[in-house]
Amino acid sequence: MADKVVETMRVLVVSRETALLRPLWSIGESNSWHLETAASGWEAMERVQSGVAPHVLLLDFPRGDSDSLHILRWLRRLRPDLPVVVVCHPEDTGKQKEATRLGAQEVLVPPFDESQLERVILNLHFDSLSENIEMEIASDDIESVGEDESFLSVGPVMQRLRAQAELLAQADVPVLILGEPGSGKTTVARLIHQLSVHSGFSFQTVNCAMMPGHLIEIELFGRMNNSSSGTATGKTSPGKLDLAEKGTLLLEEITEMPMSLQSRLLQVLQDKQFVRLGENQPVRTVVRILATSSAKLGRALAEKRLREDLYYRLSAFTVHVPPLRQRKNEIKVLLQYFMHKVARYYGLPPREFSPSVLQACVTHFWPGNLKELETFVKRYLVAGDQEFVLAGHESASGTNRNAAQSSPLRLSVTPSDVEAASGGTEPRSLKSLIQSVKSETERNAIAAALEKTRWNRKAAARLLRVSYRTLLYKIDQYHMRASDATVLPFQKEG
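Residues numbered from 1 in each chain as written. Predicted model: local features only at pLDDT ≥ 70, side-chain atom pairs only at ≥ 80, totals over all residues. Heavy atoms only, no water.

A. Representation of the overall build of the protein chain within the structure. Summing up its helical and strand segments, the protein chain has 22 helices and 16 strands in all. Here the protein chain holds 494 residues, and 46% of them are scored as buried. The contacts in the protein chain between residues at least 6 apart in sequence include a share of 71% that link residues at least 24 apart. Summed over all atoms, the accessible surface of the protein chain reaches about 24700 Å², with 52% contributed by carbon and sulfur. (Helix = DSSP H or I, 4+ residues; strand = E, 2+ residues; numbered from the N terminus. Buried < 20%, exposed > 50% of the residue type's maximum accessible area, 1.4 Å probe, protein only. Contact = heavy atoms within 4.5 Å. Areas by Shrake-Rupley, 256 points an atom, 1.4 Å probe, with all protein chains shown as cover.)

B. Region of the structure containing the pattern of salt bridges. For the coordinates displayed, the defined rule picks out 13 salt bridges. A salt bridge links Glu 303 to Arg 305, with the nearest nitrogen and oxygen atoms 3.0 Å apart. (Salt bridge = Lys/Arg side-chain N within 4 Å of Asp/Glu carboxyl O.)

C. Main features of the sheet that holds strand S5 (residues 106-108). Taken in spatial order, the five strands of this open sheet run S2-S1-S3-S4-S5, and their pairing is parallel. The two strands at the open ends of the sheet, each matched to only one other strand, are strand S2 (34-38) and S5. Shown here is a sheet whose adjacent strand axes are inclined to one another by a mean of 20 degrees, direction ignored. One ladder, built from five bridges, connects strand S3 (residues 56-61) with strand S4 (residues 84-88); its direction is parallel. Bridge assignment links Leu 59 to a residue of S4, and that residue is Val 86. Contacting S3 and S4, helix H4 (residues 68-78) crosses the sheet at an angle of about 165 degrees to S3. (Pairing = 2+ DSSP bridges. Axes fitted to C-alpha atoms, helices over the stretch in contact; angles between N-to-C directions.)

D. View of the side chain of Asn 369. Mapped onto the fold, Asn 369 is located in helix H16 (residues 369-383). A polar contact is formed between the side chain of Asn 369 and the backbone oxygen of Pro 181, at a distance of 3.0 Å. From its side chain, Asn 369 meets the backbone oxygen of Pro 367 in a polar contact 3.5 Å long. With sequence-adjacent residues up to four places away left out, Asn 369 is seen in contact with Glu 180, Pro 181, Gly 182, Ser 183, Pro 323 and Leu 324. (Polar contact = N/O pair within 3.5 Å; in protein donor to acceptor, adjacent residues only side chain to side chain.)

E. The nonpolar core, seen in detail. Ranked by internal contacts, the top residues of the largest apolar core, which has 29 residues, are Leu 220, Leu 241, Leu 249, Leu 251, Ile 254, Met 257 and Leu 310. For this core, the secondary-structure elements that each account for two or more residues are strand S8 (175-178), helix H9 (213-221), strand S12 (248-252), helix H11 (259-271), strand S15 (288-293), helix H12 (297-302) and helix H13 (308-314). Ranked by the residues each element gives to this core, the list is headed by H11, at five residues. Residues Val 342, Tyr 346, Phe 353 and Cys 361 belong to the second largest nonpolar core, which totals 24 residues. (Core = buried A, V, L, I, M, F, W, Y, C linked by side-chain atoms within 4.5 Å.)

F. Structural detail: the sheet that holds S12. In space, the five strands of this open sheet follow the order S9-S12-S15-S8-S16, with parallel pairing throughout. Looking at which strands have only one partner, the edges of the open sheet turn out to be strand S9 (203-207) and strand S16 (318-320). Neighbour-to-neighbour, the strand axes of this sheet turn through a mean angle of 20 degrees, independent of strand direction. As defined by bridge partners, S8 adjoins S15 across four bridges and the pair is classed as parallel. Bridge pairing in S15 places Leu 176 opposite Ala 291.

G. Here's a closer look at the environment of Leu 20. Along the polypeptide, Leu 20 turns up in helix H2 (residues 18-31). Here Leu 20 falls in the buried class, since its relative accessible area comes to 6%. Along the sequence, Leu 20 and Phe 112 sit 92 residues apart, while their C-alpha atoms lie 9.9 Å from each other. With near-sequence residues (within four places) excluded, Leu 20 lies in contact with Ser 15, Leu 58, Asp 60, Val 87, Phe 112 and Leu 117.

H. Broad picture of helix H15 (residues 355-363). For H15, every residue scored as buried is listed here: Val 357, Leu 358, Ala 360 and Cys 361. Down the axis of H15, the sector holding all buried residues measures 165 degrees, keeping them to one side. (Arc of directions from axis to C-beta.)

I. Representation of unusual backbone geometry. Positioned with a positive phi, Lys 272 is a non-glycine residue whose angle comes to about 55 degrees. As for its position among the elements, Lys 272 is in the loop between H11 and strand S13 (273-274). Non-glycine residue Trp 366 carries a positive phi angle of around 50 degrees. A relative accessible area of 0% means that Trp 366 is categorised as buried.

J. Highlighting the packing of helix H14 (residues 331-346) against H15. Between H14 and H15, whose axes approach to 9 Å, the crossing angle comes to 115 degrees. Considering how the two elements wind past one another, H14 and H15 form a crossing that is right-handed. Taken together, the residues of H15 that come into contact with H14 (itself represented by Ile 331, Lys 332 and Leu 335) are Leu 358, Cys 361 and Val 362. Residue composition of the contact of H14 with H15, grouped by class: five nonpolar, no polar and one charged. (Left-handed = near helix turned anticlockwise from the far one by under 90°. Nonpolar A, V, L, I, M, F, W, Y, C, P; charged D, E, K, R; others polar.)

Note that every value here comes from positions in space, so none of it alone points to a role or purpose.
So this is what it looks like as structure tokens:
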């Protein structure tokens with residue numbers, strides 16, 4: 001199989017230098033490569049666009065040529081998956097760094113021998129083949145569930161979860177989806193909806209942790225509008241129960257819903273009807289209810305934050321979404337998936353992950369699960385600073401959870417909405433993206449310190465090496481509150 005690949009390999013060389021072309025012809029002849037040459041980068045772009053694309057592109061940067069980097073930039077945009085080798089003059093150190101930043105997989109500096117050049121081209125070609133095969137396998141298991149969101153069943157754990165979701169989709173019953181923040185509970189809910197008879201109707205969500213109780217009531221049940229004099233106008237503002245008619249309604253973080261609303265939700269589940277705010281007459285509804293929670297339900301029940309009757313009604317069918325640390329074999333494929341997704345969204349060429357970064361990602365604890373992984377990929381795409389990224393993984397390379405939690409790479413500790421950081425449906429500017437990533441990083445560093453100190457803010461301030469007043473300001477700025485899983489009662493700060 002390998003011989004067949006080498007025999008048909010096409011290499012496009014952009015150079016006029018005989019000192020480079022002569023050894024290449026010799027290497028190509030001995031390996032039965034199909035070699036083509038282009039006199040300029042612009043000619044190479046036309047070849048890539050109109051002809052049969054090469055397997056590897058070798059781009060010679062003549063000293064003093066200002067167009068070379070522009071050519072590389074456009075070639076990477078045309079074919080971000082095309083492996084590129086750049087040959088750069090020893091004194092052009094700025095070009096060498098910029099070529100790497102723009103996505104060249106290898107930068108060779110003369111003098112180098114034929115064996116080194118041959119090894120680089122072969123390695124890039126086989127790496128590209130391996131990545132394409134891996135992505136093909138992943139694409140077979142990538143299932144779109146709408147709104148640029150996909151369910152990936154790339155390992156046995158998620159394949160079993162997918163089979164469970166398909167089974168539950170056929171039963172028109174409430175389902176409780178449990179899992180850590182960022183593990184993909186909403187995606188599982190969307191998958192259940194898509195596989196069910198409700199898929200032809202609307203999928204609506206209400207995040208109970210994101211708004212106060214009176215707004216949840218309006219959001220969920222709707223209300224009768226009043227005129228300026230206070231009398232009912234006969235016009236109603238529909239709630240999510242109206243909008244989800246015959247479809248699916250997802251209640252995220254159900255333990256955050258006020259107890260008074262939980263009793264009304266129980267009525268919906270039992271009697272298939274509800275009463276809008278400002279009305280007296282019940283409204284019939286046909287809607288499937290799904291709910292998620294990242295809290296410890298035993299504690300929520302004991303603290304009277306979740307009604308027992310509602311819990312038993314919801315938990316008859318329960319799905320547990322495993323954390324990412326239990327799916328280590330999926331991480332490399334997930335990194336590639338998120339890199340291509342984020343790069344496509346922002347119109348940037350995907351970055352390659354070096355073996356050291358991949359290994360560090362596999363050993364990282366990922367307390368923020370998929371949300372943290374996607375935020376990490378976004379940050380890596382923008383910054384591309386391998387040394388900084390790896391520094392964040394050093395303390396997470398073992399199996400100690402505390403070490404992993406103290407890592408600077410802890411990018412998603414609390415349930416944060418990465419999509420909200422991206423903002424809107426249109427790609428934002430690179431400057432805006434970098435600012436959002438910085439804010440996410442600062443917020444999550446604070447969250448990590450607060451969790452480590454069990455929300456002792458003075459201890460967290462000392463850990464972060466900031467003043468207590470600064471920390472309080474930041475907590476207020478990011479609207480942070482104590483996590484149910486970390487706060488100890490009657491804890492004194494000092």
